[in-house]
Amino acid sequence: MPDIASREPLTGADAGLPHGVHYPHRGSVFGLQIAGAFPAHGLWTGTEGADLRHVSLEVVSRPTLDRTWRDRGAERGVRRPVSHGRPVIALDEHPDRGYLLRVDGVGAYGIARDGSRALLAPEPIEGWRWQRLLTAQVLPIAALAQGLELFHASAVSLHGHLLAFTGPSGAGKTTLAAQLMLAGANFVSDDVLAVERVGDELIAH
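Because the structure is predicted, anything quoted here is derived from the model rather than measured. (Residues numbered from 1 in each chain as written. Predicted model: local features only at pLDDT ≥ 70, side-chain atom pairs only at ≥ 80, totals over all residues. Heavy atoms only, no water.)

Novice: Just give me the short version of helix α2 (residues 127-145), but keep the residues and values in it.
Specialist: With 19 residues, α2 extends 25 Å from end C-alpha to end C-alpha; this agrees with the ideal 27 Å at 1.5 Å per step. The largest bend in α2 is about 45°, located at Leu 134. Within α2, burial applies to Trp 130, Gln 131, Leu 133, Leu 134, Val 138, Leu 139, Pro 140, Ile 141, Ala 142 and Ala 143. Looking one or two residues beyond α2, the residue adopting positive phi is Gly 147, at roughly 100°. (Helix = DSSP H or I, 4+ residues; strand = E, 2+ residues; numbered from the N terminus. Expected span 1.5 Å × (residues − 1). Bend = angle between axes of the 7 residues up to and from the residue. Buried < 20%, exposed > 50% of the residue type's maximum accessible area, 1.4 Å probe, protein only.)

Dropping the structure here:
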């Protein structure tokens with residue numbers, strides 16, 4: 001796939017879809033309407049409506065991503081060191097260019113400041129491995145950047161109401177949601193819940 005972002009900075013002002021580029025795949029997640037041109041099982045599903053915030057996902061080479069990101073002015077952010085064989089995860093923030101997420105052995109991901117665009121520079125590994133970071137990190141960051149509130153939560157709907165359970169990993173959120181589903185509740189989300197205020201109502205994604 002050619003680099004469609006090779007001459008475009010990763011900034012909010014240039015975060016729209018590049019002129020003349022067609023993205024055949026679309027879906028919705030975390031209150032975002034996403035579009036891209038690469039295959040990803042389970043990602044390109046669901047359409048909640050045209051009024052959702054838009055995010056373009058573009059696969060580029062690492063040199064292309066590096067050209068859009070300038071370390072000058074960036075703040076060193078989260079660092080998760082190697083533990084139990086897990087890769088190092090680093091997230092840096094730039095006041096203009098947005099966010100740069102790097103995961104050793106997996107790839108690097110640039111997210112525009114306004115959350116409307118992400119450049120994906122995966123390592124030469126299986127697609128499902130680098131794509132896991134899209135729903136685990138990249139798209140939640142984009143949702144936060146676009147004004148949604150995110151919770152580490154599982155959620156179900158029951159009798160017209162949403163029930164959400166927050167807590168650390170291993171607290172039993174998924175187990176509780178599964179038990180409620182066996183009792184007749186409908187699945188809404190597991191692990192991440194995005195919430196926004198519309199008028200006097202809270203909308204959950």
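Novice: Hey, could you go over the packing of aromatic side chains for me, with residue numbers and the actual values?
Specialist: The final tally for this structure, using the stated rule, is two aromatic pairs. Centre to centre, the rings of Phe 38 and Trp 44 are 5.4 Å apart; their planes meet at 65°, and the pair counts as edge-to-face. Between Phe 38 and Trp 130, the aromatic rings sit 5.5 Å apart at their centres with planes inclined by 50°, giving tilted as the arrangement. Placement of the pair is Phe 38 in the loop between β2 (32-36) and β3 (53-59) and Trp 130 in helix α2, with a sequence separation of 92 residues. On the basis of relative accessibility, which here comes to 5%, the residue Phe 38 falls in the buried class. Each residue in the set Phe 38, Trp 44 and Trp 130 is aromatic and connected to the rest through ring pairs, giving one cluster. (Phe/Tyr/Trp six-rings, centres within 6.5 Å; stacked < 30°, edge-to-face > 60°.)

Novice: Describe in detail the environment of His 159, supporting the description with residues and values.
Specialist: Looking at the element boundaries, His 159 is found in the loop between β9 (149-158) and β10 (161-166). What makes His 159 exposed here is its relative accessible area of 73%. Spatially, the C-alpha atoms of His 159 and Asn 186 are 9.5 Å apart, while their sequence positions differ by 27 residues.

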